[in-house]
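What the coordinates show
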Amino acid sequence: MRRTLAVVAALIAVVCPPVSAAAAPAGFHVSGGRLYESNGAEFVMRGVNHAHTWYPQRTGALADIKALGANTVRVVLASGQRWAKNDTADVAAVVSSCKQNRLICVLEVHDTTGHGEQSGAATLAQAVDYWLSVRSALAGQEKYVIVNIGNEPYGNSGYQTWASDTSAAVQRLRAAGFGHTLMVDAPNWGQDWTFTMRDNAAAVFESDPDRNTVFSIHMYGVFDTAAEIDDYLGRFRAAGLPIVVGEFGHDHSDGNPDEDTILATTRAQGIGYLGWSWSGNGGGVEYLDMVTGFDPARLTAWGERIFNGADGIKATSREATVYGGTGPDPGGCAVGYRVTGQWQDGFQAEVTVTNRQATAIDGWRIRWTFPAGQRVTNMWHAVPSQTGADVVAADASYNARIPAGGSVTIGFTGSWTGGNPSPSAFVLNATSCAVLGQ
């Protein structure tokens, strides 16, 4: 979104020693269009943006953000072209604070905002120069930090070179030894109304020698209908490309974004989101503050919505396993899979998920891989998505809570060719489940 505010989107940078393509991942990595931790646990960002570079004295903000349930914070940094540079010591302190508060750090350079239209905005090449200059603060932090190369790197002019410039930035960082997951923002003030990022994402992803790049769309006035939101995110999912909503709000001067659909669709599809923003907005968009005056006890209407509302942070956030989070406890779930009917080229099946924990599960996603190329054609009591052989079934909102000792059953029809063997493994949120009857 266009920034004429005193505060803007945040990001946390990650840099590490070189990792060969064949080596086990040292930290976050992308596979099949999804983000995983180094131990293979899927990670879905649920968090907010914090304008650190304009409010460096607000050091308690990360603890407050964590206390309200977030698992990620996107931290605004400056490279020196438009705002005073956050130096290596400051970046190291931010990373330390993220770790202390058990948050995954997404670090971003904000000076690139609106390049080509915004006077004095930095180029992506200058953003890379910045990351190289603070590299020592990021080395070895691959499990905790994601580097968002540059915020909204083009306005509505000059964006035609987004793909080549973004690929060049990614390749420079890789050549310099950055092994972290990289995040890249869309042009057009982050909203990609020209579909430049959407249509070039596959090529940019392939240009990364580590295949470890995540795409970030910012959803404001351009995304004011459910159809626009579902189509944009759905195209990335269908292509097997990783996407997050790196910024969004409940209102904006350029239109009224459909925050309910953003939250519902990201939950159903297992897509990360980072709302804008914790506190300190100015320039007429103060309504985007989630808390008043950086006080966590004074949630605004927007803060209540994103933290405590349906599909919000409290209901869907799971702490990163690097900090000990597991979603359900290990061994705390069991899955039964049963084919209830089969015919030529088609079948019907049901999946029963049992919560073996002593506490309820609020918000669930069950994932499995078909062994013989089967495809889901229709599903009930859950919202499906499928990429290749990988299937994710997300709760249908009315059955999001599985009580201690309780179960939920979903049904679906599917197609098969040549054979219809059952899946052998199921993952509930980030935890592998016992498979009944096998």
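The sections below set out a description of the structure shown in this document. From a predicted model like this one, the values you see are computed outputs, not experimental measurements.

**Topic: the overall build of the protein chain**
The helix and strand inventory of the protein chain stands at 10 helices and 23 strands. Here the C-alpha radius of gyration of the protein chain, 21 Å, is about what a compact globule of 438 residues would show, namely 22 Å. The dimensions of the protein chain, computed from C-alpha atoms along their principal axes, are 65 × 45 × 40 Å. Residues counted as buried form 59% of the 438 residues belonging to the protein chain. Of the contacts made within the protein chain by residues no fewer than 6 positions apart, 76% connect residues no fewer than 24 positions apart. Here the protein chain contributes 30 positively and 40 negatively charged side chains, and the mean placements of these two sets differ by 6 Å.

**Some points on the state of the cysteines**
All chains considered together, the criterion is met by two disulfides. Shown here is the disulfide that connects Cys98 with Cys105, its sulfur atoms set 2.2 Å apart. Negative torsions about the S-S bond denote left-handed disulfides, and the value of about 55° found for Cys98 with Cys105 makes this one right-handed. The residues Cys98 and Cys105 share a single accessibility class, namely buried. Disulfide pairing is shown between Cys333 and Cys433; the S-S distance is 2.0 Å. Measuring the twist about the S-S bond at about -100°, one finds the Cys333-Cys433 disulfide to be left-handed. Within this pair, whereas Cys333 is found in strand S12 (residues 333-343), its partner Cys433 is found in the loop between strand S22 (431-432) and strand S23 (434-435), the two being separated by 100 residues in sequence. Grouping residues by exposure puts Cys333 and Cys433 together as buried.

**Considerations on helix H7 (residues 226-239)**
Owing to its 3.6 residues per turn, the α-helix brings residues three or four apart onto one side. Here H7 is 14 residues long and its end C-alpha atoms lie 20 Å apart, about the 20 Å a rise of 1.5 Å per residue gives. By the burial criterion, the buried members of H7 are Ile229, Tyr232, Leu233, Phe236 and Arg237. Each buried residue of H7 lies within a common arc of 135° when the element is viewed along its axis, so the set occupies one face. Turned more than 90 degrees off the buried face of H7, the exposed positions are Ala227 and Ala238. Immediately downstream of H7, the backbone of Gly240 shows phi near 70°, a positive value.

**So, the sheet that holds strand S16 (residues 375-380)**
The strand order across the open sheet formed by five strands is S16-S20-S13-S12-S23, and the pairing between neighbours is mixed. Sheet topology places S16 and S23 at the edges, where each strand pairs with a single neighbour. Where strand S13 (residues 346-355) meets strand S20 (residues 407-415), nine bridges bridge the pair, whose relative direction is antiparallel. Within S20, the position partnered with Ala349 by the bridge is Phe412.

**With respect to the sheet that holds strand S21 (residues 426-428)**
Strands pair in a sheet through their backbones, by hydrogen bonds, and they do so in one of two ways: parallel or antiparallel. Strand order across the open sheet formed by five strands is S17-S18-S15-S21-S22, with antiparallel pairing between neighbours. Two strands close off the open sheet at either side, each with one partner strand: strand S17 (383-387) and S22. Two strands pair when backbone bridges link them, and S21 and S22 are joined in this way by two bridges, in the antiparallel orientation. Bridging from a neighbouring strand, Leu428 pairs with Thr431 of S22.

**Considering unusual backbone geometry**
A cis amide bond links Trp276 to the next residue, Ser277, at an omega of -10°. For Ser277, the position within the fold is in the loop between strand S11 (272-275) and helix H9 (301-308). Non-glycine residue Asp311 carries a positive phi angle of around 65°. For Asp311, the position within the fold is in the loop between H9 and helix H10 (313-316). Positioned with a positive phi, His381 is a non-glycine residue whose angle comes to about 70°.

**With respect to the packing of aromatic side chains**
According to the stated counting rule, one finds 20 aromatic pairs in the structure shown. Where Tyr232 meets Phe236, the ring centres are 5.4 Å apart and the plane angle is 35°; that geometry is what we call tilted. Taken together, the residues Tyr232 and Phe236, both in helix H7 and four residues apart, mark about one turn of the helix. Put simply, the rings of Tyr337, Phe347, Trp368, Phe370, Phe412 and Phe426 touch in pairs and so form one group of aromatic residues. Sitting over the ring of Tyr144, Lys99 keeps its end group 4.4 Å from the ring centre.

What counts as what
- Residues numbered from 1 in each chain as written.
- Predicted model: local features only at pLDDT ≥ 70, side-chain atom pairs only at ≥ 80, totals over all residues.
- Heavy atoms only, no water.
- Helix = DSSP H or I, 4+ residues; strand = E, 2+ residues; numbered from the N terminus.
- Rg over C-alpha atoms; globule rule 2.2 N^0.38 Å.
- Buried < 20%, exposed > 50% of the residue type's maximum accessible area, 1.4 Å probe, protein only.
- Contact = heavy atoms within 4.5 Å.
- Lys, Arg positive; Asp, Glu negative; His and termini not counted.
- Charge placed at Lys NZ, Arg CZ, Asp CG, Glu CD.
- Disulfide = S-S within 2.5 Å.
- Expected span 1.5 Å × (residues − 1).
- Arc of directions from axis to C-beta.
- Pairing = 2+ DSSP bridges.
- Phe/Tyr/Trp six-rings, centres within 6.5 Å; stacked < 30°, edge-to-face > 60°.
- Lys NZ or Arg CZ within 6 Å of the ring centre and 35° of its normal.

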